[in-house]
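# Structural overview
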Amino acid sequence: MINLQQDSEGFIRMKRHFPATATVTVTFSDGSQEEFSGRRLNEIYDDALAVYRAQNQLDAKGFSRGPQKKVQTTIEFVPVRPGMGQ
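Everything numeric here is computed off the predicted structure, so don't read it as measured data.

### Side note on the sheet that holds strand β4 (residues 33–37)
Sheet architecture is open: 3 strands sit in the order β1-β3-β4, paired in mixed fashion. Of all the strands in the sheet, just β1 (2–5) and β4 have a single pairing partner and so form its edges. The sheet shows a mean angle of 25° between the axes of neighbouring strands, taken without regard to direction. Judged from the 5 bridges that link them, strand β3 (residues 23–27) and β4 form a sheet pairing that is antiparallel. Within β4, the residue paired with T25 across the bridge is E35. Lying on the sheet, helix α1 (residues 38–55) is in contact with β1, β3 and β4; it crosses β4 at an angle near 90°.

Encoded structure:
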């Protein structure tokens, strides 16, 4: 079982996808806990990544089609809240 702790700003640290069959327990900043499947957390991660890419004018693969400069293409912190596990 994987345990994650939500920070005070409402994010969990997630650099990669978890196995789809894994059970992940998230402890929220208010002390409550919720179990997520790996598949559900991966969906939340993918949604947050899509929002990040859209806000930074990146294409679906994370590339900037504008002038060449170093652009961060991934995210590390994912927003979560109670009730997202369903």
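### Observations regarding the side chain of T27
Relative to the assigned elements, T27 resides in strand β3. Accessibility expressed as a relative area gives 17% for T27, which makes it buried. In this structure, T27 is in contact with L4, Q5, Q6, S32 and Q33, ignoring residues within four places of it in sequence.

### Description of the pairing of β3
Within β3, 4 of the 5 residues are buried, which leaves the element mostly enclosed by the surrounding structure. Joining the antiparallel neighbours β3 and β4 is a turn of 5 residues, in which G31 adopts a positive phi near 100°.

### Some details on the pattern of salt bridges
Pairs may arise between side chains of opposite charge once their charged atoms sit close together. Counting across every chain of the model gives 2 salt bridges. Among the ionic pairs, E76 bridges to R13, the shortest N-O distance being 2.1 Å. Of this pair, E76 sits in the loop between α1 and β5 (77–79) while R13 is found in strand β2 (residues 11–13), placing the two residues 63 residues apart along the sequence. For E76, a relative accessible area of 23% translates into the label partly exposed. Two residues, R40 and E43, come together in a salt bridge whose shortest N-O distance is 3.3 Å. Taken together, the residues span about one helical turn, with R40 and E43 both in helix α1 at a distance of 3 residues. With relative accessibility at 37%, the residue E43 sits in the partly exposed group.

Rules used in this analysis
- Residues numbered from 1 in each chain as written.
- Predicted model: local features only at pLDDT ≥ 70, side-chain atom pairs only at ≥ 80, totals over all residues.
- Heavy atoms only, no water.
- Pairing = 2+ DSSP bridges.
- Helix = DSSP H or I, 4+ residues; strand = E, 2+ residues; numbered from the N terminus.
- Axes fitted to C-alpha atoms, helices over the stretch in contact; angles between N-to-C directions.
- Contact = heavy atoms within 4.5 Å.
- Buried < 20%, exposed > 50% of the residue type's maximum accessible area, 1.4 Å probe, protein only.
- Salt bridge = Lys/Arg side-chain N within 4 Å of Asp/Glu carboxyl O.

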